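# Residue-level structural notes
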Amino acid sequence: MVGYATLECEPACCLNPMHSDLSATPVSRPGEPWGVAERRAWRQRQRVQRRYADDVLKPLLALIPRFEAVPYGELAVGIERFELLAMRNGPWCPGRPGVLVTGGVHGYETSGVMGALRFLQTQAEQLSAGVNLLVVPCVSPWSYERVQRWNADAVDPNRSFLPDSPAREVAALQRLVSLWAGQFTLHIDLHETTDTDESEFRPALAARDGKPFEPGLIPDGFYLVDDAENPQPALQAAIIDAVSRVTHIAEPDHKGQIIGCPVVAPGVIRYPVKDWGLCTSVTGARYTSITEVYPDSARTNPEQCIAAQVAAVCAAVAFVSDSARR
Ligand SMILES: [Zn+2]
């Protein structure tokens, strides 16, 4: 039995040498959560460090007509507008397994965004012939540009996959996948666990919520998060096997844990994804997995992190394709 209530599992996903610094976190009074003023102050301190239109939209649009663009709304933040864009491998074919690939739910986790994009560019055509493929490379474009975990309202999108979501990026994705409700077999969601989680984002979370910050350990290596309420160990094992050929898998710590959670198989932990409002609860798919790449390791580099995400997606898609054929 996994005692989630006592675990410090606030994952720490992300990458990046370009992270914002801790001075971007407004000081709140000890024990008091942020109010509107602190959240506004936090937003005003975030700076654009890269462009979603250049890095994501442009390469996605270049994939037409190999893939079909599926615009699913616009995110408005102040005077800024972000076109929300998914790609699919053609009209939905009833009877084929639905496959959802998401990246950039946490905008700072660069290899998730680039991994989804690279999968489309290099492997998706070949692998997706027997499935209905829907890829959303960057769920949170405002956060991508700021290299941030939270959205513009200082809300974590990956705790917001809830009814009446407080995150507009999330609500837009929920509306998109509702078009094919009940028809997804697989959802793989691409993340990172980074040093900035411990140095910046978990301290910011504690400040925002008026709680003390309790230090944790960032694991060195790739790991996966399965659904505690619907574990699918064979899928996770297939992904770990594929990724281990590309990069190293995180080892358990001296307590047999990764990021405060018991390791249930090599490189695999579990969260109750629906209770926590995580993205992999959005489709109700039988098979789900969350990747966690560690980009700050001395044993890896950005290109290898992208390759690890692509390997994970390919293994997951092949797994459900093989299952459908059996
Ligand atoms: Zn993440």
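Worth saying up front: this structure is predicted, and the values here are computed from it rather than measured.

The rules behind these values
- Residues numbered from 1 in each chain as written.
- Predicted model: local features only at pLDDT ≥ 70, side-chain atom pairs only at ≥ 80, totals over all residues.
- Helix = DSSP H or I, 4+ residues; strand = E, 2+ residues; numbered from the N terminus.
- Rg over C-alpha atoms; globule rule 2.2 N^0.38 Å.
- Buried ≥ 20, exposed ≤ 12 C-beta atoms within 10 Å, placed from the backbone.
- Contact = placed C-beta atoms within 7 Å.
- Arc of directions from axis to C-beta.
- Axes fitted to C-alpha atoms, helices over the stretch in contact; angles between N-to-C directions.
- Parallel < 35°, antiparallel > 145°, perpendicular 65-115°, else oblique.
- Left-handed = near helix turned anticlockwise from the far one by under 90°.
- Nonpolar A, V, L, I, M, F, W, Y, C, P; charged D, E, K, R; others polar.
- Pairing = 2+ DSSP bridges.
- pLDDT = per-residue confidence, 0-100.
- Core = buried A, V, L, I, M, F, W, Y, C linked by C-beta atoms within 7 Å.

## Details of the overall build of the protein
For the protein, the helix and strand inventory stands at nine helices and 10 strands. Against the globule reference of 20 Å for 326 residues, the protein gives a C-alpha radius of gyration of 18 Å, in line with a compact fold. For the protein, the spread of C-alpha atoms along the principal axes amounts to about 55 × 50 × 35 Å. Looking at the protein residue by residue over its 326 residues, the buried ones come to 51%. Counted over contacts in the protein with a minimum sequence separation of 6, partners at least 24 positions apart contribute 77%.

## Side note on helix α8 (residues 233-243)
Side chains of residues three or four places apart in an α-helix project in the same direction, reflecting 3.6 residues per turn. Buried within α8 we find Leu235, Gln236, Ile239, Ile240 and Val243. Buried residues along α8 cover an arc of 130° about the axis, so they all sit on one side. Facing away from the buried side of α8, by more than 90 degrees, are the exposed residues Pro233 and Ala234. Residues of α8 that are buried in the fold lie against β6 (223-227), β9 (268-271), β10 (287-293) and α9 (302-325).

## Brief notes about the packing of α8 against α9
Each pair of packed helices can be summarised by the angle the axes make with each other and by the distance between the axes. Their axes nearest at 8 Å, the elements α8 and α9 cross at an angle of 140°. By the angle between their directions, the pair α8 and α9 is classed as oblique. For the pair α8 and α9, the sense of crossing is right-handed. In this structure, α8 contributes Leu235, Ala238, Ile239, Ala242 and Val243 to the contact, and α9 contributes Ala308, Ala311, Ala312, Cys314, Ala315, Ala316 and Phe319. A class-by-class count of the residues in the contact of α8 with α9 yields 12 nonpolar, no polar and no charged.

## Points about unusual backbone geometry
Residue Pro65 is reached from Ile64 by a cis peptide bond, and omega for that bond is 10°. By secondary structure assignment, the location of Pro65 is in the loop between α2 (52-61) and β1 (68-77). We note that Asp164 has phi near 50°; this positive angle belongs to a residue other than glycine. Take Asp164: it is sitting in the loop between α5 (141-146) and α6 (168-178). For Ile259, which is not glycine, the phi dihedral falls at a positive 50°. Assignment of secondary structure puts Ile259 in the loop between β7 (257-258) and β8 (261-262).

## A look at the pairing of strand β3 (residues 98-103)
Among the six residues that make up β3, six are buried, leaving the element largely enclosed by the rest of the structure. Here β3 shows a buried face lined by Gly98, Leu100 and Thr102 and a second buried face lined by Val99, Val101 and Gly103. Here β3 pairs with strand β4 (residues 132-136) via five bridges, running parallel. When the sheet's bridge partners are listed, Val101 is paired in β4 with Val135. The sheet contact formed by β3 and strand β5 (residues 184-192) spans six bridges and is parallel. Opposite Thr102, over in β5, you have Asp189 as the bridge partner.

## Details of the confidence of the model for the protein
Mean pLDDT over the protein stands at 91; residues scoring 70 or higher make up 91%. In the predicted structure, residues 1-24 sits below a pLDDT of 50 and forms 74 contacts with residues beyond four places in sequence or in another chain.

## What about the packing of helix α3 (residues 110-122) against α9?
Viewed as axis vectors pointing N to C, α3 and α9 meet at an angle of 60°, and their least axial separation amounts to 8 Å. Overall, the two elements α3 and α9 adopt an arrangement that is oblique. For the pair α3 and α9, the sense of crossing is right-handed. Together, Ser111, Gly112, Met114, Gly115, Arg118, Phe119 and Thr122 of α3 and Pro302, Cys305, Ile306, Gln309, Val310 and Val313 of α9 make up the contact between the two elements. Among the residues forming the contact of α3 with α9, the class breakdown is seven nonpolar, five polar and one charged.

## Observations regarding the nonpolar core
If you look at the biggest cluster of nonpolar residues, it comprises 79 residues, and the most contacted ones within it are Val99, Val135, Ala312 and Ala316. Ranked by residue count, the leading element in this core is α9, at 13 residues. For Val99, the contacting residues outside a window of four places in its chain are Val131, Asn132, Leu133, Leu134, Thr185, Leu186, Val317 and Val320.

## Observations concerning the sheet that holds strand β2 (residues 80-88)
The strand order across the open sheet formed by eight strands is β1-β2-β4-β3-β5-β10-β6-β9, and the pairing between neighbours is mixed. Looking along the sheet, the strands with just one partner apiece sit at the ends: β1 and β9. Looking at each pair of strands side by side, their axes are set apart by 20° on average, direction ignored.

## Here's the deal with the pairing of β2
Here β1 runs beside β2; their pairing, made up of eight bridges, is antiparallel. Residue pairing across strands places Ala76 opposite Arg81, the latter belonging to β2. Counted along the chain from β1 to the antiparallel partner β2, the turn is two residues long, and its residue Gly78 has a positive phi close to 60°. Taken together, the two bridges between β2 and β4 define a ladder with antiparallel strand orientation. The partner of Arg88 across the bridge, within β4, is Leu134.

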